[in-house]
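So you can see what is in the structure, the chains are spelled out below.
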Amino acid sequence: QGKGLFATRNICKGETVFVERPVVASQFLWNALYNYRACDHCLRALETAEENAQRLLGKSSLVLPHPEQCSIQKDLHQQCPRCQVTYCSAECRQAALEQYHQVLCLGPSRDDPTHPLNKLQEAWRNMHYPPETSSIMLMARMVATVKQAKDKEWWIKVFSQFCNKTANEEEEIVHKLLGDKFKGQLELLRLLFTEALYDEHLSRWFTPEGFRSLFALVGTNGQGIGTSSLSQWVHACDALDLPMLQREELDAFIDQLYKDIEKESGEFLNCEGSGLYVLQSCCNHSCIPNAETSFPENNFLLHLTALEDIEAGEEICISYLDCCQRERSRHSRNKILRENYLFTCSCPKCLAQADDADVTSDEEEEGEGETDDAELEDEMTDV
């Protein structure tokens, strides 16, 4: 688990503990296949809430009430003039250019399949089917950030703050992230990564051992990010002061909309990506968490909010499991945590259930047979 994060003051239930910007973030390469459109820097959804709902429903005639509650400003969107990558604002375009995009900009080679970066991305798509649990482009942005930086050692020190694993643990993480079918493909990824991005200051990241460590670091510390203009519109509508009849009609419309979307599009509802957050990565797991992460600003800004009163000196814990998983038996919960995070939980709930039999119900046994990488970020990407 992480290093642990502790409250320095009394925190009230519902209070925002902190808002954190990632050191680096990247949207998943599979977003494009599902026609997701997000800012390439901050991952803010670029569709209006209505466009978002129309796409997910497959119904271009859908009209949302209260369109003024959608905050997307399409007139502010900008593209990189060389590679046409899209940003939500001039500020994001400039921030990306200054931090990493000069190295990663494909320019006129954006459609050239032989370009080293395109070869790397295509190899990743072939090895890692959605939902992604990390992204090779998050690693690429780490390298590009160092390559562009004037103070390279400062950035290397920042990245070194994240939790590292032993060699054996790294092997387990890589195996889990790539899966049985592609577990032997890490060397191919490393060669393509080296061809596209090699830098002398980071030479250890390009060795077999260093690349495995980098891959495991992203897999262990990467925080899933989910953004949705539709979700933000729903929250804004919830806050409207409406007469009772109008409120009931709006709530009924939204409930039916989500049911129809789930039937049409399944679980791939949000623009998704991952990022490295220094403070969030320090948070340990508890099956009865006292805080939770969310992305209420429809971008990569992570909000950590208290679920209950937290006293000064008390550890702040989040859950690495989703709500349904937390309701399962201690045996089931720890099976998921061992497989995906390589530790056995000793939170108060698990300790209280320590004498429970190490068996699961028939229903849980069936569910465990389906446990896979999709569960790694279910909670993180729900907005």
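In short, a report on the structure. (Residues numbered from 1 in each chain as written. Predicted model: local features only at pLDDT ≥ 70, side-chain atom pairs only at ≥ 80, totals over all residues. Heavy atoms only, no water.)

**Observations concerning the sheet that holds strand β8 (residues 291-294)**
Inference 1: Across the sheet, three strands lie side by side as β1-β9-β8; this open sheet has antiparallel pairing. What marks the edges here is a single partner per strand, and that holds for β1 (16-20) and β8. The mean angle between the axes of side-by-side strands here comes to 15°, regardless of whether they run parallel or antiparallel.
Inference 2: Pairing analysis gives four bridges linking β1 to strand β9 (residues 302-306), with the strands arranged antiparallel. (Pairing = 2+ DSSP bridges. Helix = DSSP H or I, 4+ residues; strand = E, 2+ residues; numbered from the N terminus. Axes fitted to C-alpha atoms, helices over the stretch in contact; angles between N-to-C directions.)

**Topic: helix α1 (residues 49-57)**
Inference 1: All of the buried residues along α1 are Ala49, Asn52, Ala53, Gln54, Leu56 and Leu57.
Inference 2: In this structure, the buried residues of α1 make contact with α9 (229-238) and α10 (244-265).
Inference 3: Of the residues one or two after α1, glycine 58 is the one with positive phi, at around 65°. (Buried < 20%, exposed > 50% of the residue type's maximum accessible area, 1.4 Å probe, protein only. Contact = heavy atoms within 4.5 Å.)

**A short note on the nonpolar core**
Inference 1: With 89 residues, the main nonpolar core has Ile136, Phe159, Leu189, Phe193 and Leu197 as its most contacted residues.
Inference 2: The element that contributes the greatest number of residues to this core is helix α4 (residues 136-148), accounting for nine residues.
Inference 3: Aside from chain neighbours lying at most four places away, what touches phenylalanine 159 is Val23, Val24, Met142, Val146, Trp205, Leu217 and Leu276.
Inference 4: By size, the runner-up hydrophobic cluster in this structure holds 17 residues, among which are Ala49, Cys70, Ile72 and Leu242. (Core = buried A, V, L, I, M, F, W, Y, C linked by side-chain atoms within 4.5 Å.)

**Digging into the pattern of salt bridges**
When charged atoms on two side chains of opposite charge get close, those side chains can pair.
Inference 1: Under the defined criterion, the tally for this structure stands at eleven salt bridges.
Inference 2: Glutamate 171 is paired through a salt bridge with arginine 212; the nearest N and O atoms lie 3.3 Å apart. Remark: arginine 212 occurs in helix α8 (residues 208-221) and glutamate 171 occurs in helix α6 (residues 167-178); sequence separation between them is 41 residues.
Inference 3: With relative accessibility at 48%, the residue glutamate 171 sits in the partly exposed group. (Salt bridge = Lys/Arg side-chain N within 4 Å of Asp/Glu carboxyl O.)

**A look at the pairing of strand β2 (residues 24-27)**
Inference 1: Burial along β2 is two-sided: the residues Val24 and Ser26 and Ala25 and Gln27 are all buried.
Inference 2: The pairing of β2 with strand β6 (residues 271-276) spans four bridges and is classified as antiparallel. Along β6, the bridge assignment pairs valine 24 with leucine 276.

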